[in-house]
Structure formats: C-alpha cells, structure tokens
Amino acid sequence: GDSVSGELVVTTLSLLAPQLSPIFASFLADYPNINLRILTDERVFKLEYGEAHMAIRLGKMPDEPDNVVIPLGRFRNAIYGSRAYFKAHGKPHSIDDLMHHRFVMQIGDSVRAPFARWLRGLPNRPREVMQTTSITAHDLAIQSGIGLGFVSCERAEVLGLELAISEQPEWGDDIWLVTHMDLHKMTKVQAMIQHIKTRAKNNWS
C-alpha cells in the first residue's frame, strides 16, 4: 500500500510497446522494488475486477464508471520504408501512388486503428504482402525491405527507416491512462502515473 514495491500490473496495446518500453525501463531504475507485469491483449481488461492496476489505451475516451481517466496526448505515425525497399521499388510520390507499393501491416489490436481503416478505405489499395500480430515482426519486416508500413516517428528513427508519406491527421489516435478509483491513490500506482505523465509530454504532446 504505502511503498513503491511489489507487483504492478499494466495493460496496454502491443502497438504502444516500443514507446512504453523506455518509460518502463526508467521507472524500474527509479523503483527497483517493483515487479512490472505488462499485459497486451485485444480485449479490454476490467480494472473494476482487479485484472490490472492501470491501462494505457488508444481511441475514444474510456467511459466505464468509477474509472479515473487521464489524457496522455496523441499517438502519431507516418509511412516509412527502408533504404533497401526504396532502392528496389522507389518512393511513393503521393497517396495515390501507394497502390503501386507493397505494405506490411500489424493485425490484431491494430485492425481498428485509424490508420488501418484509412488504408483499407482507399479506392486503390496497396498490396499487403505481410500481416503479423507481432509489433516486433512488423517493424523488422519493414526494416528488412519487405514493404512500407505505419511506424511512429520515434520508432522509425531507432530502426533507421526513411519517410515515405508524412503524417496525416486522420491516422492519429488519442492515448489515455486509466485507473480504477479504488486503486488510483495507491502509492505505487501514483508513482507510475506521475512517471508516465512526465515522459508523455516528450513522446505524445
């Protein structure tokens, strides 16, 4: 209760894992007596039943009763590719030109993401040559030149990817930190909340 120690369970989406991992790493460096358990799943975990201490979600503002909801910012991404891909296939000159290109898509919890709906709503869609439920496999496939894909700007820089199509407003999604009112004031929960809020200003503002 009153110490920052023991198990802390956080549920989120695998799509956010690349940006959350450095935040979790710095939290554990500050609080070495915490054991983090990170749950990634398509279903919404029920905080009111104690399935997790907190959730980090994408989409519309969560409206479950008795939850405390904190806005963290906006998830932004763009279309990136590798130097090897551009050497083999060239860069798209416009959104209309995407129909001539190959795509790698993450499926699972990303199927309903705005950028995925946008891509599948194009009158002339690019060919999805690879689909995966793994964010790691998705990013490595783009990095190895299999196809273009949606990647956050921070992640693209780490992977050494090059911009193909700049961010479009309709591709983004709001990020929310959610806790249940019964757990919200726990010392370890508050420590994580403040840690995430401080770093969210740099990641998602």
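All of these numbers come straight from a predicted model, not from anything done at the bench. (Residues numbered from 1 in each chain as written. Predicted model: local features only at pLDDT ≥ 70, side-chain atom pairs only at ≥ 80, totals over all residues. Heavy atoms only, no water.)

## Some details on the sheet that holds strand 1 (residues 6–12)
Note the threshold: Note on pairing: two strands pair once DSSP finds at least 2 bridges between them. A run of H or I in DSSP becomes a helix once it reaches four residues, and a run of E becomes a strand once it reaches two; helices and strands are each numbered from the N terminus. With axes taken as lines fitted to C-alpha atoms, and helix axes fitted only over the stretch in contact, angles between N-to-C directions fall between 0 and 180 degrees. Residue contacts are defined here by distance: any two heavy atoms, one from each residue, within 4.5 Å place the two residues in contact.
The five strands are arranged 2-1-3-10-4 in an open sheet whose pairing can be described as mixed. In the strand order of this sheet, the two ends are held by strand 2 (34–40) and strand 4 (67–75), each with one partner. Neighbour-to-neighbour, the strand axes of the sheet open up by a mean angle of 20°, direction not taken into account. Across five bridges, strand 3 (residues 54–58) lies against strand 10 (residues 173–180) in antiparallel orientation. The partner of I56 across the bridge, within strand 10, is L177. The sheet strands contacting helix 1 (residues 17–30) are strand 1, strand 2, strand 3 and strand 4, and the helix crosses strand 2 at an angle near 165°.

## Observations concerning the sheet that holds strand 5 (residues 77–81)
The three strands lie next to each other as 8-5-9, forming an open sheet whose pairing is antiparallel. Sheet topology places strand 8 (149–152) and strand 9 (162–165) at the edges, where each strand pairs with a single neighbour. Going across the sheet, the axis of each strand differs from the next one's by a mean of 65°, ignoring polarity. Across four bridges, the pairing between strand 5 and strand 8 is antiparallel. Its bridge partner being in strand 8, Y80 is matched across the sheet by G149. Docked against the sheet, helix 4 (residues 135–143) engages strand 5 and strand 8, running at close to 110° with respect to strand 8.

## Structural notes on the side chain of D173
For the record, the criterion: With a 1.4 Å probe rolled over the protein chains alone, any residue whose accessible area is under 20% of its type maximum counts as buried; one over 50% counts as exposed, and the rest are partly exposed. By the counting rule applied here, Lys and Arg register as positive and Asp and Glu as negative, while His and the ends of each chain are not counted. Criterion for a salt bridge: a side-chain nitrogen of Lys or Arg within 4 Å of a carboxyl oxygen of Asp or Glu. Nitrogen and oxygen atoms within 3.5 Å of one another constitute a polar contact, given that in protein one can donate a hydrogen and the other can accept it, and given that sequence-neighbouring residues count only through two side-chain atoms.
Relative to the assigned elements, D173 resides in strand 10. Within the buried set, D173 has no salt-bridge partner at all; the shortest N-O distance to an opposite charge, 5.1 Å, is to R74. A polar atom in the side chain of D173 sits 3.4 Å from the backbone nitrogen of G59. For D173, the residues in contact, after removing those within four places along its chain, are L58, G59, G73, R74, F75 and P114.

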